[in-house]
Amino acid sequence: MSYPMVHLKIAYGLLVRDDGERIKRSGDFLLGSVAPDAVHFHDSYDVSLKERSHI
């Protein structure tokens, strides 16, 4: 698993290259690049949670 900053760096690079053509909500796009991994902070984390969050 990559660190959140790696996800954000790649997402930001894509955002800059897109220049507003397809990505209309940049904040949502950046948040979406790290949101699926938020399950790691759940008190009773189990890998099955990650399977659902990434689909």
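Up top is the structure these notes are about.
No experiment lies behind these values; they were computed from the predicted model shown.

Q: Talk me through the overall build of the protein chain; I want residue IDs and the actual numbers.
A: Check the secondary structure of the protein chain and you find three helices and zero strands. Ordering the α and β elements of the protein chain from the N terminus gives α-α-α. Viewed in the frame of its principal axes, the protein chain has a C-alpha envelope of about 40 × 20 × 15 Å. Every one of the 55 residues in the protein chain was classed for burial, and the buried ones make up 16%. Of the contacts formed within the protein chain by residues at least 6 apart in sequence, a portion of 29% connects residues at least 24 apart. Carbon and sulfur atoms provide 60% of the accessible area of the protein chain, an area that totals close to 4700 Å². Here the protein chain contributes 7 positive and 8 negative side-chain charges, whose respective centroids are spaced 6 Å apart.

Q: Hey, could you go over the environment of S2 for me, with residue numbers and the actual values?
A: Residue position: S2 is located in the segment before α1 (4–18). For the pair S2 and V34, spaced 32 residues apart in the sequence, the C-alpha separation amounts to 9.9 Å.

Q: Can you explain a nonpolar patch on the surface? Please cite residues and give values.
A: A surface patch of nonpolar side chains, about 430 Å² in accessible area, is lined by Y3, V6, I10 and L14. Within the element layout of this structure, Y3 appears in the segment before α1. Given a relative accessible area of 64%, Y3 falls into the exposed group.

Q: I'd love a proper account of the pattern of salt bridges, names of residues and values included.
A: Applying the stated rule across the entire model yields two salt bridges. Linking R22 and D18 is a salt bridge whose minimum nitrogen-to-oxygen distance equals 3.3 Å. The buried category is assigned to D18, whose relative accessible area is 4%.

Cut-offs and rules
- Residues numbered from 1 in each chain as written.
- Predicted model: local features only at pLDDT ≥ 70, side-chain atom pairs only at ≥ 80, totals over all residues.
- Heavy atoms only, no water.
- Helix = DSSP H or I, 4+ residues; strand = E, 2+ residues; numbered from the N terminus.
- Buried < 20%, exposed > 50% of the residue type's maximum accessible area, 1.4 Å probe, protein only.
- Contact = heavy atoms within 4.5 Å.
- Areas by Shrake-Rupley, 256 points an atom, 1.4 Å probe, with all protein chains shown as cover.
- Lys, Arg positive; Asp, Glu negative; His and termini not counted.
- Charge placed at Lys NZ, Arg CZ, Asp CG, Glu CD.
- Patch = residues over 30% accessible without salt bridge, like charges linked within 9 Å, V, L, I, M, F, W, Y side chains within 5 Å.
- Salt bridge = Lys/Arg side-chain N within 4 Å of Asp/Glu carboxyl O.

Shape is all these values report; function is a separate question.
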